[in-house]
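Results of the structural survey
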Amino acid sequence: MKPGDVVRCKELIKPSGVMGSTLKKYKVFNGVAIVLKIEKNIATVMLSSSSILSIKVNFLEVVCESR
């Protein structure tokens, strides 16, 4: 993954319910985003709504690589 790539968020799982007895699927954002920069394991992305978000690289999957 590098700056300029188009990415989307993977489905993540978080515990919910009494003492984390059930697991719930969620996404940090919906749709696609463009990677602006990557520092260590944190990527800064721009969403389709033009808002900026910092997110872990592990939570992202590449849809289209830049040249």
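So, here's what we can say about the structure. (Residues numbered from 1 in each chain as written. Predicted model: local features only at pLDDT ≥ 70, side-chain atom pairs only at ≥ 80, totals over all residues. Heavy atoms only, no water.)

Secondary structure summary: the chain contains zero helices and seven strands in total. Counting from the amino terminus, helix and strand elements in the chain follow one another as β-β-β-β-β-β-β. The principal-axis extent of the C-alpha atoms belonging to the chain is close to 45 × 25 × 20 Å. Burial status across the chain gives 19% buried among its 67 residues. Contacts spanning at least 24 positions in sequence make up 46% of the contacts within the chain whose residues lie at least 6 apart. Just so you have it, the chain exposes about 4,900 Å², and 54% of that area is on carbon and sulfur atoms. Taking the average location of the 11 positive side-chain charges in the chain and that of its 5 negative ones, the two points are 6 Å from each other. (Helix = DSSP H or I, 4+ residues; strand = E, 2+ residues; numbered from the N terminus. Buried < 20%, exposed > 50% of the residue type's maximum accessible area, 1.4 Å probe, protein only. Contact = heavy atoms within 4.5 Å. Areas by Shrake-Rupley, 256 points an atom, 1.4 Å probe, with all protein chains shown as cover. Lys, Arg positive; Asp, Glu negative; His and termini not counted. Charge placed at Lys NZ, Arg CZ, Asp CG, Glu CD.)

On to the environment of Lys40. When you line up the elements, Lys40 lands in the loop between strand E4 (32-39) and strand E5 (42-47). With 29 residues separating them in the primary sequence, Lys40 and Glu11 have C-alpha atoms 22 Å apart.

Another point: the packing of aromatic side chains. The way to describe two aromatic rings as a pair is by their centre distance and the angle between their planes. The full count for this structure, using the stated rule, is zero aromatic pairs. For the cation-ring pair, Lys14 lies above Tyr26, with the distance from its terminal atom to the ring centre recorded as 5.0 Å. (Phe/Tyr/Trp six-rings, centres within 6.5 Å; stacked < 30°, edge-to-face > 60°. Lys NZ or Arg CZ within 6 Å of the ring centre and 35° of its normal.)

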